[in-house]
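# Geometric and topological summary
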Amino acid sequence: MAAEDKSGKRFMEDLEKEYKLPGFLKNRIINAPYLSDEDLSYLKRKRDKNGNVIPMED
């Protein structure tokens with residue numbers, strides 16, 4: 001994992017701790033059933049066999 005990826009992940013974790021909106025987006029909007037597979041791929045996410053939204057592996 002590149003250094004910028006680690007700092008970006010840490011940045012998002014910090015945002016989620018400080019503000020409610022990033023957590024809301026992550027938990028409610030990204031996991032919503034109305035997003036298409038193409039939309040999810042732009043967000044580096046996919047649906048597993050049970051229909052749950054999970055991060056794509058690099």
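Here, every reference points to the structure presented above.
So, a few notes on the structure that sits alongside this text. (Residues numbered from 1 in each chain as written. Predicted model: local features only at pLDDT ≥ 70, side-chain atom pairs only at ≥ 80, totals over all residues. Heavy atoms only, no water.)

Looking now at the overall build of the protein. Helix and strand content of the protein: 3 helices and 2 strands. Taken across its 58 residues, the protein has 12% of its residues classed as buried. Of the contacts made within the protein by residues no fewer than 6 positions apart, 0% connect residues no fewer than 24 positions apart. Accessible surface computed for the protein: about 5300 Å², of which carbon and sulfur atoms make up 52%. (Helix = DSSP H or I, 4+ residues; strand = E, 2+ residues; numbered from the N terminus. Buried < 20%, exposed > 50% of the residue type's maximum accessible area, 1.4 Å probe, protein only. Contact = heavy atoms within 4.5 Å. Areas by Shrake-Rupley, 256 points an atom, 1.4 Å probe, with all protein chains shown as cover.)

Right, let's talk about the pattern of salt bridges for a bit. Per the counting criterion, the structure on display carries 1 salt bridge. Among the ionic pairs, arginine 47 bridges to aspartate 37, the shortest N-O distance being 3.8 Å. Here arginine 47, found in strand E1 (residues 45-47), pairs with aspartate 37, found in helix H3 (residues 37-42); they are 10 residues apart in sequence, far enough to count as distant. Using a relative accessible area of 55% as the deciding quantity, one classes aspartate 37 as exposed. (Salt bridge = Lys/Arg side-chain N within 4 Å of Asp/Glu carboxyl O.)

We now examine unusual backbone geometry. The backbone of lysine 44 shows a phi angle near 60°, a positive value even though the residue is not glycine. On the secondary structure map, lysine 44 appears in the loop between H3 and E1.

In short, the description is geometric, and any link to function would need to be established separately.
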